[in-house]
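A look at the structure
Chain residues, written in single-letter form:
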Amino acid sequence: MGIDVTPLAIPSVKLIAPQRFGDHRGFFSETYNRDVFAAEGMDMTFVQDNHSLSETVGTIRGLHFQGPPRAQDKLVRCGKGRLFDVAVDIRKGSPTFGHWVGEELSFENGLMLLVPAGFAHGFVTLEPGTEIIYKCSDTYAPETEGAIRWDDPDIGIDWPLDATEPQLSGKDAVAPLLRELDSPFTFEENA
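In this report, we go over the structure that sits alongside the text. (Residues numbered from 1 in each chain as written. Predicted model: local features only at pLDDT ≥ 70, side-chain atom pairs only at ≥ 80, totals over all residues. Heavy atoms only, no water.)

Below, the discussion takes up the side chain of K14. Topologically, K14 is positioned in strand 2 (residues 14-18). Although buried, K14 forms no salt bridge, and the nearest oppositely charged side chain, E40, lies 8.8 Å from it. Apart from the residues lying within four places of it in its own chain, the contact partners of K14 are V5, T6, P7, M42, M112, L113 and L114. (Helix = DSSP H or I, 4+ residues; strand = E, 2+ residues; numbered from the N terminus. Buried < 20%, exposed > 50% of the residue type's maximum accessible area, 1.4 Å probe, protein only. Lys, Arg positive; Asp, Glu negative; His and termini not counted. Salt bridge = Lys/Arg side-chain N within 4 Å of Asp/Glu carboxyl O. Contact = heavy atoms within 4.5 Å.)

Have a look at this one:
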């Protein structure tokens, strides 16, 4: 397996391009191999896979996180359609606290985003019937989950919504702003 790993403007978040081997039948791609990821400095174990379908363009899910001791690293990819995936740094003391990075993930481009613990994660769908598939380094623990508002003006995410009215869950619509959050994460220089 070969992967190209590109650190983004917040270097802890990485854009990953796994190799695709194609022929007249389609393609094959190994999207995760623990040894290959560890050799690239991404030494984590995933214990849960999630798969979500959003039927409507402009569906926003997020910005979500799980805090310690059940914090999650996430490896995100798009199984069908297109989405804009976002990570927001919520680590206290981080030089990039409150900053965000985002990338378009699609079935066609096969790209993946590694979102480490200490980041809130969210996405918006860009095509109908979009599926997101992601691995988590810990299982779901509702007692540790948290969220921040998708449209927090202090973060200023440039969501590619055009004139589309965002589709939100009730919980996401009333999530607190980052300045109202007592983040459970602390920046560690060598983490």
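Text resumes after the structure shown.
Across all of its chains, the model carries 1 cavity of 30 Å³ or more by this definition. Roughly 50 Å³ of volume is contained in the largest cavity. Around the largest cavity, the lining residues are H64, F65, Q66, Q72, K74, V115, P116, A117, G118, F119, H121 and F185. At the level of secondary structure, the elements contributing two or more residues to the lining of the largest cavity comprise strand 6 (60-66) and strand 12 (119-125). With 3 residues, the top contributor of residues to the lining of the largest cavity is strand 6. Of the residues in the lining of the largest cavity, the class split is 6 nonpolar, 5 polar and 1 charged. (1 Å grid on protein atoms, 1.4 Å probe; cavity = no way out; pocket = protein on both sides within 12 Å on 5 of 7 lines; lining within 4 Å. Points joined across faces, edges and corners; volume = space filled by probe spheres on them. Nonpolar A, V, L, I, M, F, W, Y, C, P; charged D, E, K, R; others polar.)

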